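# Topology and contacts: notes
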Amino acid sequence: MTSNTQELIPLCIPQIQGNEWDYIKDCLDTGWVSSVGSYVQDFENNLARYVGHDYGVATVNGTAALHIALMVAGVERGDEVLVSTLTFISPVNSIRYIGAHPVFIDSEPNFWQMDSNLAKKFVTQQCETRDGKLYNKVTGRRIAAIVPVHILGHPVEMETLLDISKTYDIPIVEDATESLGAKYKGKMVGAIGDISCFSFNGNKLLTTGGGGMILTSREDWAERAKYLTTQAKDDDLEYIHHNVGYNYRLTNIQAAMGVAQLEQIETYLAKKKQIATTYETALSEIDGIDGMAESDSAESAFWLYSIYVNPDKVGKTSRDLLAYLHDNKIQARPLWQPIHISPSYADYEFGLVGGDVALDLNANCLSIPCSVGLTDAEQERVITAIREFANS
Ligand SMILES: *Cc1c(COP(=O)(O)O)cnc(C)c1O
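Parameters at a glance
- Residues numbered from 1 in each chain as written.
- Predicted model: local features only at pLDDT ≥ 70, side-chain atom pairs only at ≥ 80, totals over all residues.
- Heavy atoms only, no water.
- Helix = DSSP H or I, 4+ residues; strand = E, 2+ residues; numbered from the N terminus.
- Rg over C-alpha atoms; globule rule 2.2 N^0.38 Å.
- Buried < 20%, exposed > 50% of the residue type's maximum accessible area, 1.4 Å probe, protein only.
- Core = buried A, V, L, I, M, F, W, Y, C linked by side-chain atoms within 4.5 Å.
- Contact = heavy atoms within 4.5 Å.
- Axes fitted to C-alpha atoms, helices over the stretch in contact; angles between N-to-C directions.
- Parallel < 35°, antiparallel > 145°, perpendicular 65-115°, else oblique.
- Nonpolar A, V, L, I, M, F, W, Y, C, P; charged D, E, K, R; others polar.
- Phe/Tyr/Trp six-rings, centres within 6.5 Å; stacked < 30°, edge-to-face > 60°.
- Lys NZ or Arg CZ within 6 Å of the ring centre and 35° of its normal.
- Pairing = 2+ DSSP bridges.
- Near = heavy atom within 4 Å.
- Polar contact = N/O pair within 3.5 Å; in protein donor to acceptor, adjacent residues only side chain to side chain.

### A closer look at the overall build of the protein
Along the protein, the regular secondary structure elements total 13 helices and 17 strands. For a compact globule of 392 residues, the expected C-alpha radius of gyration is about 21 Å, and the protein comes in at 21 Å, within 12% of that figure. By principal-axis analysis of the C-alpha atoms, the protein measures approximately 70 × 60 × 40 Å. The proportion of buried residues among the 392 residues of the protein is 55%.

### Observations regarding the nonpolar core
With 130 residues, the main nonpolar core has Ile289, Ile307 and Ile386 as its most contacted residues. For this core, the element with the highest residue contribution is helix H9 (residues 265-283), accounting for eight residues. Beyond its immediate stretch of four places on either side in the chain, Ile386 contacts Leu283, Ile286, Ile289, Ile307, Leu321, Leu325 and Ile368.

### Side note on the packing of helix H5 (residues 116-126) against helix H6 (residues 159-168)
The geometry of H5 relative to H6 is characterised by a closest axis approach of 8 Å and an angle of 25° between their N-to-C directions. In terms of orientation, H5 and H6 fall into the roughly parallel class. For the pair H5 and H6, contact is made by Ser116, Asn117, Ala119, Lys120, Val123 and Thr124 and by Thr160, Leu161, Ile164 and Tyr168, respectively. Classifying every residue of the contact of H5 with H6 gives five nonpolar, four polar and one charged.

### As for the packing of aromatic side chains
Applying the stated criterion across every chain, the model contains eight aromatic pairs. Grouped by ring-pair contacts, the aromatic residues Phe104, Tyr345, Tyr348 and Phe350 constitute a single cluster. One residue, Arg130, lies across the ring of Tyr135, its end atom 4.0 Å from the ring centre. In this arrangement the basic side chain of Lys316 is found over the ring face of Phe389, its NZ or CZ atom lying 4.2 Å from the centre.

### Description of the sheet that holds strand E16 (residues 351-353)
If you walk across this open sheet you meet the four strands as E6-E2-E3-E16, and the pairing is parallel. Two strands close off the open sheet at either side, each with one partner strand: strand E6 (143-147) and E16. With direction set aside, neighbouring strand axes in the sheet form an average angle of 20°. Its contacts with the sheet place H5 against strand E2 (80-84), strand E3 (101-105), E6 and E16, and it is angled at close to 160° to E2.

### Structural notes on the pairing of strand E11 (residues 212-216)
Across the five residues of E11, five count as buried, placing the element largely inside the fold. Where burial is concerned, the two faces of E11 agree: the one with Gly212, Ile214 and Thr216 and the one with Met213 and Leu215 are both buried. Across five bridges, strand E1 (residues 55-59) lies against E11 in antiparallel orientation. In the sheet register, Val57 faces E11, and the bridge partner there is Ile214. Here five bridges tie strand E10 (residues 195-199) to E11, and the two strands are oriented antiparallel to one another. Within the sheet, the bridge partner assigned to Ser196 lies in E11 and is Leu215.

### Points about the sheet that holds strand E7 (residues 173-175)
Read from one edge to the other, the open sheet built from four strands follows the order E1-E11-E10-E7, with strand pairing classed as mixed. Looking at which strands have only one partner, the edges of the open sheet turn out to be E1 and E7. On average, each strand axis in the sheet is tilted by 20° relative to the strand beside it, whichever way the strands run. On the sheet, helix H3 (residues 62-72) packs against E1, E7, E10 and E11 and is oriented at approximately 170° with respect to E10.

### Focus on the pairing of strand E4 (residues 127-130)
With four bridges joining them, E4 and strand E5 (residues 133-136) adopt antiparallel strand pairing. By the bridge assignment for E5, Arg130 is matched with Lys133. The antiparallel hairpin formed by E4 and E5 contains two residues in its connecting segment, where Asp131 sits at a positive phi of about 50°.

### Looking at the site of the ligand
Looking at the ligand, there are 16 residues lining it, with Gly62, Thr63, Glu178, Ser199 and Lys204 nearest. In the model, an oxygen atom of the ligand is placed 2.8 Å from a nitrogen or oxygen of the Gly62 main chain. Note that an oxygen atom of the ligand is positioned 3.2 Å from one of the side-chain N or O atoms of Lys204. Elements represented by at least two residues in the shell around the ligand include exactly H3 and helix H4 (90-97). Per-element accounting of the shell around the ligand gives the leading share, three residues, to H3. Here the residues of the shell around the ligand sort into four nonpolar, nine polar and three charged.

### Quick look at the environment of Pro10
The residue Pro10 is located in the segment before helix H1 (20-30) in this model. Taking C-alpha positions, Pro10 is 26 Å from Ala256, a pair spaced 246 residues apart along the chain. If near-sequence neighbours (up to four positions away) are discounted, Pro10 is found in contact with Gln331, Pro369 and Ser371.

### Remarks on the side chain of Gln113
By secondary structure assignment, the location of Gln113 is in the loop between E3 and H5. Among the polar contacts listed, one links the side chain of Gln113 to the backbone nitrogen of Ile151, at a separation of 2.8 Å. Not counting chain neighbours up to four residues away, the residues in contact with Gln113 comprise Asp106, Ser107, Glu108, Val149, His150, Ile151, His154, Pro155 and Val156.

In C-alpha cells, the structure reads:
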C-alpha cells in the first residue's frame, strides 16, 4: 500500500448533516445559550420518549450522569456496587466519587459483556441478607446497586440481573452510554433497569460535543437528579441550599445539537448495522480474526465495531495489527485495560469475581473504523489491510 499518500481513516467521528446549524443558530439569535432554554427540555423529553422512560435529566457529560444516578439510586459512602471490569473507567470512578466501592465482575466470552452469572454467583455465595438488605459477608458492606455497562453497542444479559434486583431489592443503574438504540429482548437498552445513563461525547452514536443524560420512570428520582445537578438550590429567589449540589447542567446550545442529532438516529443505526454486516461477511473469510457476535436476545447498536485477533491462529497479535493499520493510516484502538488491573486502583481494596476473560479481551481485541460517514471505499481499504495482515 502507498500509505503516505492516503487519507487517514478515523476510528469514529461525528456525523453532522441535519438541523444542528439551524437549532444552534436559533440559540445564538435568541440569546438562550445557557442551561435554561427550551432545547434542554426538548432533548430530555425526546430522548426519554425514544428510549422508553418517563423522565430525562440532561447533564454536562455521561460521567456526571452516572455520578448523580448512583446517588439518586441510594448508593452511599461505604457501600459496594457491582460493575463490569471491562469498561471505560467512568462508571467506576463515579462509584468512587461517592466513596462507595466497586465489585468488579468479569466479562462473558461470547458477547464480551458483564457476566450476569458471575454476578449471581457473587450474590448467592458471598453475600447474606440482614434486615431485608444484602451484605457482603467478607467485607460487611451493603450491596447498594448493580451497574451493567452495555459495551460497544451490545446489551448485557439482563434477565439474571433483573432477578437479583427483584429478589434483593437492589436498583440497576444502566450504563447505556455506548449502546443507545440497542435492544434486549425487544426492549430498548436504558429502559430495562431503574435508572440509566447516556453520553454524547464526540465519538458516541449521538454527540453534543459533550453531554449526558439520566433517564428514569421514577418521578421522585428524576426530581432529585434535577435538583442535585443544578446546585441543590432550595428557594426560587434566595440562595438557600440544604444539600451539597453540583453544577452538572447541559447548555441549551449543546441540547440544541442533541435534538438535531436525535432526529437522525434511525439513519445512524441503519448505517452502523450495515458497516457491521459488511465487516462480518469479510471477516468470515479470514481465519483467526472474528467480529463481535450478536446474542439471540439482542439487537446490537454496533456503536464501535471491534474484532478479536487470535494470536495462535494468526501468528501475530492484535497490537501487531494495530501497528500495521496505523502504518496504513487506518485508526484503530484497543479495548480498555480491565479496571481491576488499572494502576489508578492498585493501592485500593475492591471486590473481584473472575477477571481472566476481560484480560484476554483486552489483549486480543481492537476497535476498527466505523463512523456513520464511513464510505464503502474506506471500509474496503480497512478490510483489505486486515486481509493482507492476516495473510502475510
Ligand atoms: C463514554 C462513556 C461514559 C461517559 O463518558 P463522558 O465522556 O463522561 O460523557 C461512561 N461510561 C462508558 C462505558 C463510556 O464509554
